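For reference, the chains in residue letters:
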Amino acid sequence: MEKKEICQYFNGIIKDEQDVSAGMAAIRTLLKVLEHSESETVQELRYCLQNAIDAMRSTENPVTAIASGSELFLRFITLATLDTPKILTHSKSRVVLKAMIEAVKSNKIFEVYVTCSSPDNSGEEMCQNLTNLGVSCTLILDSAMGYVMEQVDMVMVGAEGVAESGGVINKVGTYTMAMCAKEVKKPFYVLTESFKFSRIYPLNQIDLPNEFKYTASTLKKNLQKEHPLVDYTPPHYINLLFTDLGILTPSAVSDELIKLYL
């Protein structure tokens, strides 16, 4: 609705319904604005409503009642947004994307932050895929994960491999994200298939085999000057692993491997 239409609708309520206060008229006007709004994000909606409030305040009516009624209305909008889970994910994970597709099909509403994920910037594709689904998605710098961590409810990542200890091998930067999540006390979840479980037991980054960290062509070069493609996240940073075998704690991975190889 344009400013002129908003003012006309608001003034019409005041004129035709004398028993209605300016505050209640303001709330009814904002509801009408909501009906006509084409906003796609909460931020756009708040901007739209604020413009409507400014329009009503410009009329020849008591501003105090308009302000109090509008503030109450916006407060409810704010409370509603707090119920929207915010998820941080890293790079592009086929399993994470599939899980979010299923969540959208189930009419779940959530927001996602995705890291760019240098050096291939695969997070850009992940963000575009989620946006195409209608999910509110924000692309962030890898270096901003600590800043964003305070705003999210959980971290959800995929895995290229799962060690016998329950730690995961994934796109470089996952370990950093896990440490940030641990520090801010945010749950860190891994979504992966059980065929990625591997009978290796690295204790640190150096322990991780070079063939896991570099491409075949890179292995022929001076590795001290090469950038690893993956890193290792120890199990104590991981809350749960969501797999086709069920929801597992990191310590349960070794049990599943024992069942498989016995």
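Residues numbered from 1 in each chain as written. Predicted model: local features only at pLDDT ≥ 70, side-chain atom pairs only at ≥ 80, totals over all residues. Heavy atoms only, no water.

The name given to the chain in an unreviewed UniProt entry is EIF-2B GDP-GTP exchange factor subunit alpha, with the source organism recorded as Xylocopa violacea. Quoted straight from UniProt, the Sequence similarities (unreviewed entry) entry for the chain says "Belongs to the eIF-2B alpha/beta/delta subunits family." (UniProt positions renumbered as here; feature names shortened; annotations may be inferred.)

Caption draft 1: Region of the structure containing the sheet that holds strand 10 (residues 246-248). In spatial order, the strands read 3-2-1-4-7-9-10; together these seven strands make up an open sheet with mixed pairing. On the outer flanks of this sheet lie strand 3 (136-140) and strand 10, each paired with one strand and no other. Neighbour to neighbour, the strand axes of the sheet diverge by 25 degrees on average, direction disregarded. For strand 1 (residues 86-89) and strand 4 (residues 154-157), the ladder comprises two bridges, and the chain directions are parallel. Bridging from a neighbouring strand, Leu88 pairs with Val155 of strand 4. Packing against the sheet, helix 6 (residues 123-132) makes contact with strand 1, strand 2 (111-115) and strand 3, and its axis sits at approximately 165 degrees to strand 3. (Pairing = 2+ DSSP bridges. Helix = DSSP H or I, 4+ residues; strand = E, 2+ residues; numbered from the N terminus. Axes fitted to C-alpha atoms, helices over the stretch in contact; angles between N-to-C directions. Contact = heavy atoms within 4.5 Å.)

Caption draft 2: Structural context of the nonpolar core. Within the largest apolar cluster, 25 residues are counted, with the highest numbers of intra-cluster contacts made by Leu88, Val155, Met177, Phe188 and Val190. Of all the secondary-structure elements, those providing two or more residues to this core are helix 7 (145-149), strand 4, helix 8 (174-184), strand 7 (188-191) and helix 10 (252-261). Every residue in contact with Met177, bar those within four places of it in the chain, is listed here: Leu88, Thr89, His90, Thr115, Met145, Met149, Val155, Val157 and Phe188. Residues Cys7, Ala22, Leu49 and Ile53 belong to the second largest nonpolar core, which totals 21 residues. (Core = buried A, V, L, I, M, F, W, Y, C linked by side-chain atoms within 4.5 Å. Buried < 20%, exposed > 50% of the residue type's maximum accessible area, 1.4 Å probe, protein only.)

Caption draft 3: Representation of helix 8. Within helix 8, the full set of buried residues consists of Thr174, Met177, Ala178 and Ala181. Down the axis, helix 8 shows its buried residues gathered within 100 degrees of arc, on one side only. (Arc of directions from axis to C-beta.)

Caption draft 4: Expanded view of the pattern of salt bridges. Going through the model one piece at a time under the given rule, you end up with nine salt bridges. The residue Glu193 makes a salt bridge to Arg94 at a minimum N-O spacing of 2.5 Å. One end of the pair, Glu193, is in the loop between strand 7 and helix 9 (210-213); the other, Arg94, is in helix 5 (residues 94-105), with 99 residues separating them in the sequence. Of the charged contacts, one joins Lys171 and Asp120 as a salt bridge, the two residues approaching to 2.7 Å between their closest N and O atoms. On the criterion of sequence distance, the pair formed by Lys171 in strand 6 (residues 168-171) and Asp120 in the loop between strand 2 and helix 6 is long-range, its members being 51 residues apart. Residue Lys171 is classed as buried on the basis of its relative accessible area, which comes to 9%. (Salt bridge = Lys/Arg side-chain N within 4 Å of Asp/Glu carboxyl O.)

Caption draft 5: How the structure looks around the packing of aromatic side chains. For the coordinates displayed, the defined rule picks out two aromatic pairs. Their ring planes at 75 degrees and their centres at 5.8 Å tell us that Tyr175 and Tyr237 sit as a pair that is edge-to-face. Residue Tyr175 is found in helix 8, and its partner Tyr237 is found in the loop between strand 8 (230-233) and strand 9 (240-243); the two are separated by 62 residues along the sequence. Here the aromatic rings of Tyr189 and Phe242 are separated by 5.4 Å at their centres, their planes lie at 85 degrees, and the arrangement is edge-to-face. You can see Tyr189 sitting in strand 7 and its partner Phe242 sitting in strand 9, a full 53 residues away along the chain. (Phe/Tyr/Trp six-rings, centres within 6.5 Å; stacked < 30°, edge-to-face > 60°.)

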